[in-house]
Amino acid sequence: MQRVPDIDLDRLRRWPDVEAPNLFAVDASDRLILDEASDTVASAPPGSVVVINDHYGALAIGAAAHLGATAVRVFQDALVGEAALSANARGVTTEVRNLPLGRELLLGATVVLLQVPRSLAELDEIAGEIVRWADPGVVVFAGGRIKHLSLTMNAVLTKHFGRLDVSLARQKSRVLIVREPLAATSESSVLQFPVREYHDELGLWVCAHGAVFAGAKLDLGTRLLVSVLDGVRADAVTAIDLGSGTGILAATLARSRPTLAVIATDQSAAAVASSLATMQANGLSDRVTVVRDDGLRSQPDASADLIVLNPPFHVGATVHTGLADRLFRDAARVLRPGGELWTVYNSHLAYRPTLESVIGSTREVVRNTKFTVTSSRRRVPAALPTSASDPDSRGER
Ligand SMILES: C[S@@+](CC[C@H](N)C(=O)[O-])C[C@H]1O[C@@H](n2cnc3c(N)ncnc32)[C@H](O)[C@@H]1O
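Every chain is numbered on its own, with residues counted from 1 as its sequence reads. With the structure being a predicted model, the display of local features is reserved for residues of pLDDT at least 70 and the display and counting of side-chain atom pairs for 80 or more, all residues being used for whole-chain, interface and lining totals. Side-chain numbers come from the whole structure's heavy atoms, not from hydrogens or water.

## Comments concerning the sheet that holds strand β10 (residues 238-242)
- At least two DSSP bridges between two strands are required for those strands to pair. Helix and strand assignments follow DSSP, with helices taken as H or I runs no shorter than four residues and strands as E runs no shorter than two, numbered in order from the N terminus. Pairing is mixed across the open sheet formed by seven strands, whose spatial order is β12-β11-β10-β13-β16-β18-β17. If you trace the sheet from one side to the other, it starts and ends with β12 (288-292) and β17 (362-367), each paired once. Geometrically, the sheet is characterised by an average inter-axis angle of 20 degrees between neighbouring strands, direction not taken into account.
- Sitting on the sheet, helix α11 (residues 322-334) is in contact with β10, β13 (304-309) and β16 (335-346), with an inclination near 155 degrees to β16. Here the axes come from fitting lines to C-alpha atoms, over the contacting stretch only for helices, and the angles between their N-to-C directions go from 0 to 180 degrees. Contact definition: two residues touch when any of their heavy atoms are within 4.5 Å.

What follows is the structure, given as structure tokens:
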């Protein structure tokens, strides 16, 4: 087992994702996956190494720049992960490219390096796709921090693969090495994604790929926000569901207000695919535009009357409010003066002062034991001097 030099990976950054002293671009599990896979990667046929769920590029850059893999195909659910990989690879390697989870990514793959996702459904979907498209001799190096690994994950993997070996632990990390894909499981005995569920209380089908927040279920915070959406400004013409997940908020708005133009936007590939499927399942595809974007980067200034947001408060595995703050700032830029941001959050999070200062006057709409919904009104920017107040025009110089 060749050891991958630490120094080269240490220079990787999370940018443009949130950076903070307690948030890291590379962890011990990245290094262990690369070390365990090093001989297999080094002897893999050209173009047959695939990386899935790389956080910020450590696995892809490690495989290409340190282990000599060529034409490395990469899937990252998070758009910021893609951007970080691209920034980190600049000047280091040109042998990595991003593709959606599916045929083009995995066809003929002989080695897959995988950061084990925390969601079992996501692991299930990924394993199913590997079995469906990869070379029958594929070896998967699936690693993670021990605190995030569980025996249930082994059970998910052995539903799809005939053999599972476990590496020795190192720096609180482990790698599950799986091989012998079970062709039969690609058909009937595994879930077909997106899964879908009809919710009577919403009157909606909800569709979910494995990695999406809450799966096809209705999150309790989302439910509270849905319960008060009747109260959003009646004259809104354009609305954005920021961080749309399965698209429940966008679909609810579009259905209840036939003249509203709705955008559902999320940085997660699984969320975007799920939102698209939800709109299609409910006959709302022509009412809701679904976009993959980091925050609201692609939305023009002062272009929306209404934004609804159930913000993430985890950055990866770490609780961190930096991301919500960034989404609030995006909302402030994109809302028209007088436009509204409706937000739901865990009541223990002290978001209200931030909302007051970043967006404008904020009122509590409803609160239960766990969640709070607020409505913030975009303040009208300070008026430019008018002829009446402009000292020049009054001859007071
Ligand atoms: C708490 S979930 C809410 C999902 C959905 N709105 C709901 O209520 O069920 C937060 C969503 O924000 C998305 N998200 C996280 N970071 C983001 C970013 N930088 N830009 C856009 N969306 C982001 C996540 O992918 C996730 O779908």
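Next comes the rest of the write-up.
## Describing the environment of glycine 210
- Within the element layout of this structure, glycine 210 appears in the loop between β9 (204-208) and α8 (220-227).
- Under the scheme applied here, a residue whose accessible area is under 20% of the maximum for its type counts as buried, over 50% as exposed, and between as partly exposed, the area being computed with a 1.4 Å probe on protein chains only. A residue is classified by how much of its surface remains accessible, and glycine 210, at 5% relative accessible area, is buried.
- For glycine 210 and proline 117, which are 93 residues apart along the polypeptide, the C-alpha to C-alpha distance reads 9.8 Å.
- Apart from residues no more than four positions distant in its own chain, glycine 210 is found in contact with Ser119, Ala121, Glu122, Glu125 and Phe193.

## Brief notes about the pairing of strand β5 (residues 139-145)
- The buried fraction of β5 amounts to six of the seven residues, a majority that puts the element mostly inside the structure.
- One ladder, built from five bridges, connects strand β4 (residues 111-115) with β5; its direction is parallel. Residue glutamine 115 lies in a different strand from β5, and its bridge partner there is glycine 143.
- The path from the first strand over the helix to the second decides the hand: if it runs clockwise while the strands point away from the viewer, the crossover is right-handed. You can see the chain leave β4, run along helix α6 (residues 120-133) and come back into β5, and the turn it takes is right-handed.

## Examining the pattern of salt bridges
- A pairing counts as a salt bridge when a side-chain nitrogen of Lys or Arg comes within 4 Å of a carboxyl oxygen of Asp or Glu. What the rule picks out here adds up to 19 salt bridges.
- With a closest N to O distance of 2.6 Å, arginine 31 and aspartate 10 form a salt bridge. Highlighted residues: arginine 31 in helix α2 (residues 28-42) and aspartate 10 in helix α1 (residues 6-10), separated in sequence by 21 residues.
- Residue classification places arginine 31 among the buried residues on the basis of a relative accessible area of 13%.
- One salt bridge in this structure joins arginine 292 and glutamate 82, with 2.9 Å as the shortest N-O distance. Highlighted residues: arginine 292 in strand β12 and glutamate 82 in helix α4 (residues 79-89), separated in sequence by 210 residues.
- Judged by relative accessible area, arginine 292 falls into the partly exposed class, the value being 27%.
- Among the charged side chains, a network of salt bridges with common partners joins Asp294, Arg297 and Arg326.

## Considerations on the packing of aromatic side chains
- Classification of ring pairs uses Phe, Tyr and Trp, with its six-membered ring standing for Trp, and accepts pairs whose centres are within 6.5 Å; under 30 degrees between planes counts as stacked, over 60 as edge-to-face, and the remaining range as tilted. This model, assessed by the stated rule, comprises three aromatic pairs.
- Consider the rings of phenylalanine 328 and tyrosine 351, whose centres lie 5.3 Å apart with planes at 90 degrees: the pair is edge-to-face. In this pair, phenylalanine 328 is assigned in helix α11 and tyrosine 351 in the loop between β16 and α12 (352-358), connecting sequence segments 23 residues apart. Each member of the pair, phenylalanine 328 as well as tyrosine 351, is classed as buried.

## Side note on the environment of arginine 223
- Note on placement: arginine 223 falls in helix α8.
- Ignoring anything within four residues of it in the chain, the contact list for arginine 223 reads Glu201 and Leu218.

## A few points about helix α3 (residues 58-66)
- Most of α3 sits out of view: seven of its nine residues are buried.
- Where α3 terminates, the next one or two residues include glycine 68, which has phi positive at roughly 80 degrees.

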